[in-house]
Amino acid sequence: MKIRAQIRGDVADVKVLMFHPMETGLRKDPITGDVIPLHFIQHVVVFHNGTTVLDAQWSQAVSKNPFMNFRIRGAKPGDKIAVSWEDNKGEKASIETTLE
Amino acid sequence: MRALAFGSAYVATFAAGWLRPVQLLAAQWNEAAFGAKAVADALNNIGATSIADSDQIQLKAPEIAENGAIVPVEITSRIPGTQTIYIIADKNPQPLVAIFDIASNTEPFISTRIKMGESSKVRVLVKAGGKFYVTSQEVKVTIGGCGG
């Protein structure tokens, strides 16, 4: 997972890149011909200093290695922005950055 | 003693910044809406029974997407009190793509990338003050991005 945040005025512009196959369950393995099972991020939550500011639910139709850009008001240097995701298999990942 | 103190501080930071967020995943994943195969069913399952067209939602998406696996979508809502933004690709096998619940101090803006199985209307719904608003755009897809 990668995160990049920039403050403009009191708004933090945050870009996040998650590493995930986002399998639709429709693709077949090109060699074996077996269907590749559904595997996708279902939940993404963004925290600003520990408070939830964005709560997303996704389907398998979000692109592979999902990208998300969002903007948080009332941000200042030193604030912490954290992003967590959880997929349909219960796998989880988080990342945190401190605004400069 | 010093090592112990550092250890406790580390644990506290770790718990606040990393472990808690994952446990705090708030909204229940809307299985009925995401599983719906028809747009009307998806709309019913998000509670959007009455929807007004709005020119206060800006949707930036390509008119022609060469690769349906990566269609950039940028949404800005100018509707006061925007609570939730929904992305729907009408002709996807399951049309509802994403739901974004937005806190009052988050700008009603989202940029992301979605998959489209074929050329289709892309709808963006906004829920504000308990009411639903919509804007839409046709996106032509040269190579579909669902199977293959």
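Definitions and cut-offs
Residues numbered from 1 in each chain as written. Chains lettered and ligands numbered in written order. Predicted model: local features only at pLDDT ≥ 70, side-chain atom pairs only at ≥ 80, totals over all residues. Helix = DSSP H or I, 4+ residues; strand = E, 2+ residues; numbered from the N terminus. Buried ≥ 20, exposed ≤ 12 C-beta atoms within 10 Å, placed from the backbone. Contact = placed C-beta atoms within 7 Å. pLDDT = per-residue confidence, 0-100. Pairing = 2+ DSSP bridges. Core = buried A, V, L, I, M, F, W, Y, C linked by C-beta atoms within 7 Å.

1. Here's the deal with the overall build of chain A
In terms of helices and strands, chain A carries zero helices and seven strands. The helix and strand sequence of chain A, counted from the amino end, reads β-β-β-β-β-β-β. Projected onto the principal axes, the alpha-carbon positions of chain A cover approximately 55 × 20 × 15 Å. Across the 100 residues of chain A, 39% fall into the buried class. For chain A, contacts bridging at least 24 residues in sequence account for 53% of all contacts bridging at least 6.

2. Brief notes about the overall build of chain B
Along the backbone of chain B there are three helices and nine strands. Each helix (α) and strand (β) of chain B, taken in turn from the N terminus, gives the series α-α-α-β-β-β-β-β-β-β-β-β. Each of the 148 residues in chain B was classed as buried or not, and the buried ones make up 36%. Sequence separation of 24 or more characterises 65% of the internal contacts of chain B that already satisfy a separation of 6 or more.

3. Focus on the confidence of the model for chain B
Atomic detail in the predicted coordinates should be set aside for any region of low pLDDT. Residues and elements named next belong to chain B. Looking at chain B, the pLDDT average stands at 86 and 80% of residues meet or exceed 70. Long-range and interchain partners of residues 1–25, a stretch whose pLDDT sits below 50, account for 22 contacts in this model, where long-range means more than four residues apart. Listed scores for the predicted complex are pTM 0.88 and ipTM 0.96.

4. Some details on the environment of Ala12(A)
All names here are of chain A. Position of Ala12 among the secondary structure elements: in strand 2 (residues 11–17). For Ala12, a count of 25 C-beta atoms within 10 Å puts it in the buried group. Excluding anything up to four places from it in sequence, Ala12 contacts Ala5, Ile7, Arg71, Ile72, Ala75, Ile81 and Leu99.

5. Quick notes on the pairing of strand 9 (residues 131–143) of chain B
Residues and elements named next belong to chain B. When strand 1 (residues 51–53) meets strand 9, the two strands line up parallel, connected through three bridges. When the bridges of strand 9 are listed, Ile51 appears paired with Phe132. Sheet analysis places strand 3 (residues 64–67) next to strand 9, joined by three bridges and oriented parallel. Across the sheet, the residue bridging to Ala65 is Val141, located in strand 9. For strand 8 (residues 120–128) and strand 9, the ladder comprises nine bridges, and the chain directions are antiparallel.

6. Some details on the nonpolar core
Core analysis: the biggest nonpolar cluster contains 59 residues, and Tyr86(B), Val97(B) and Ile114(B) have the highest contact counts within it. The biggest single contributor to this core is strand 6 (residues 96–102) of chain B, with six residues. Excluding its chain neighbours within four sequence positions, the residues that come into contact with Ile114(B) are Ala61(A), Val62(A), Ser63(A), Val71(B), Val73(B), Ile87(B), Ala89(B) and Val97(B).

7. Notes on unusual backbone geometry
Residues and elements named next belong to chain A. The backbone of Met22 shows a phi angle near 45 degrees, a positive value even though the residue is not glycine. In this fold, Met22 is placed in the loop between strand 2 and strand 3 (41–48). When the 21 C-beta atoms within 10 Å are taken as the criterion, Met22 is described as buried. The phi dihedral of Asn65 falls on the positive side, at around 50 degrees, and the residue is not glycine. Tracing the chain through its elements places Asn65 in the loop between strand 4 (51–58) and strand 5 (67–72).

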